[in-house]
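# Chain and residue survey
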Amino acid sequence: MDGLQTYNRIQYSPEQLKNFIQGPADVEWKYEMRRSCQEILPGLYLGSFVVSKELETLKSLGITHVVCIRDAKEAFTVKPRFPQDFAYMTLDVEDNEEQNLIRLFPGAKAFIDQAISQGGKVLVHCNGGISLSPAFVVMFVMQYYQLNWEDALHLVQNRRYCISPNGGFLTQIKEYEAIYRASIAVAQHPHMGDRQARRKRADDESDDENDRAMEDRKRAMVDPNPGPEHDPNAMET
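Treat the numbers as computed from the prediction; the structure is a model and nothing was measured. (Residues numbered from 1 in each chain as written. Predicted model: local features only at pLDDT ≥ 70, side-chain atom pairs only at ≥ 80, totals over all residues. Heavy atoms only, no water.)

## Some thoughts on helix α7 (residues 167-188)
- Along its 22 residues, α7 runs 33 Å from first to last C-alpha, staying within 8% of the 32 Å computed at 1.5 Å per residue.
- Each element contacted by the buried residues of α7 is listed here: α4 (105-117), α5 (132-144) and α6 (149-157).
- Regarding α7, its N-cap is Asn-166, as a side-chain oxygen of that residue lies 3.0 Å from the backbone nitrogen of Gly-168 further along. (Helix = DSSP H or I, 4+ residues; strand = E, 2+ residues; numbered from the N terminus. Expected span 1.5 Å × (residues − 1). Contact = heavy atoms within 4.5 Å. Polar contact = N/O pair within 3.5 Å; in protein donor to acceptor, adjacent residues only side chain to side chain.)

Below you can see the structure in the form of structure tokens.
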């Protein structure tokens, strides 16, 4: 079952959703805010590793779970710091455009889904909270509200203005829209895949029959026991 169905998701009308994507208009973004975290949707926060070191801040926000995303070479500084206080998920990745995030996302999504379904609150962070962790959060928000990738990106940017996923991550965000929409279609029509498979088998069988018929016609056009060749200059007897 899709994680979105495990807890109550706020249902918005199109106009309400448009306003929600735009975010609060009364927030004045300041440079130092990039070191903290912002609530992207109820129970989901996005920030940098700086806030992940502030125990009292995390407790005051009600954080219960932390997704720590880091490049392997950052493991000395970007790491779970309070395992006795929070449940952690740590993802070791490469912060470059070739890193496959889509492959890692289902595990992170399941962790976040479970936390929120239990009434918890989740902080997702990387080193700077600019490119890597925001890419995960954008994909989560996109599927959570069933948005297109642009609206999901804007929703997150309108709450944490400093995010800027690199080109490779942005391409994967775009690709994930088709992936999650396909998963929803299959969930809503579970027999669609069976019908498509049966249709493909039927098409393959039909192609095989056509190929056999074509081969039969070709063989019929060639006499397997030809008689003596006719010489047009020979006299008739």
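There's more to say after this.
## Section: the sheet that holds strand β3 (residues 65-71)
- Ordered by their spatial adjacency, five strands build an open sheet running β1-β2-β5-β3-β4, and the pairing between neighbours is mixed. Of all the strands in the sheet, just β1 (37-41) and β4 (87-93) have a single pairing partner and so form its edges. The average angle at which neighbouring strand axes cross in this sheet is 20°, direction not considered.
- Looking at chain direction, β3 and strand β5 (residues 122-125) are connected through four bridges and run parallel. Directly across from Val-66, in β5, lies its bridge partner Leu-123. (Pairing = 2+ DSSP bridges. Axes fitted to C-alpha atoms, helices over the stretch in contact; angles between N-to-C directions.)

## A short note on the pattern of salt bridges
- Across all of its chains, the model carries five salt bridges by this definition.
- Across the pair Arg-70 and Asp-92 runs a salt bridge, and its minimum N-O distance is 2.5 Å. Taken together, the positions of Arg-70 in strand β3 and Asp-92 in strand β4 put the pair 22 residues apart, joining distant regions of the chain.
- Judged by its relative accessible area of 12%, Arg-70 is buried.
- Between Asp-113 and Lys-109 there is a salt bridge whose closest N-O contact spans 2.7 Å. Here the residue Asp-113 and the residue Lys-109 both occupy positions in helix α4, the gap between them amounting to four residues, near one helical turn. The residues Asp-113 and Lys-109 share a single accessibility class, namely buried. (Salt bridge = Lys/Arg side-chain N within 4 Å of Asp/Glu carboxyl O. Buried < 20%, exposed > 50% of the residue type's maximum accessible area, 1.4 Å probe, protein only.)

## Section: the packing of aromatic side chains
- Counted according to the given criterion, the structure contains nine aromatic pairs.
- On the basis of an interplanar angle of 75° and a centroid distance of 6.5 Å, the ring pair of Phe-86 and Tyr-88 is categorised as edge-to-face.
- For Phe-86, a relative accessible area of 6% gives the class buried.
- When the centroid spacing of 6.4 Å and the interplanar angle of 40° are considered together, the rings of Phe-105 and Phe-136 count as tilted. Of this pair, Phe-105 sits in helix α4 while Phe-136 sits in helix α5, and the two are 31 residues apart along the sequence. (Phe/Tyr/Trp six-rings, centres within 6.5 Å; stacked < 30°, edge-to-face > 60°.)

## What about the confidence of the model for the protein chain?
- Residues of the protein chain with pLDDT of at least 70 account for 77%, and the chain-wide mean is 85.
- Across residues 1-7, confidence stays below pLDDT 50; counting only partners more than four residues off in sequence or on other chains, it has 16 contacts. (pLDDT = per-residue confidence, 0-100.)

## Here's the deal with the pairing of strand β2 (residues 44-47)
- Residues of β2 alternate between two faces, with Leu-44 and Leu-46 on one and Tyr-45 and Gly-47 on the opposite face, all of them buried.
- Taken together, the four bridges between β1 and β2 define a ladder with antiparallel strand orientation. Paired with Cys-37 across the strands is Gly-47, a residue of β2.
- Bridge count for β2 against β5 is four bridges, and the pairing is parallel. The residue bridging Tyr-45 from the neighbouring strand is Leu-123, located in β5.

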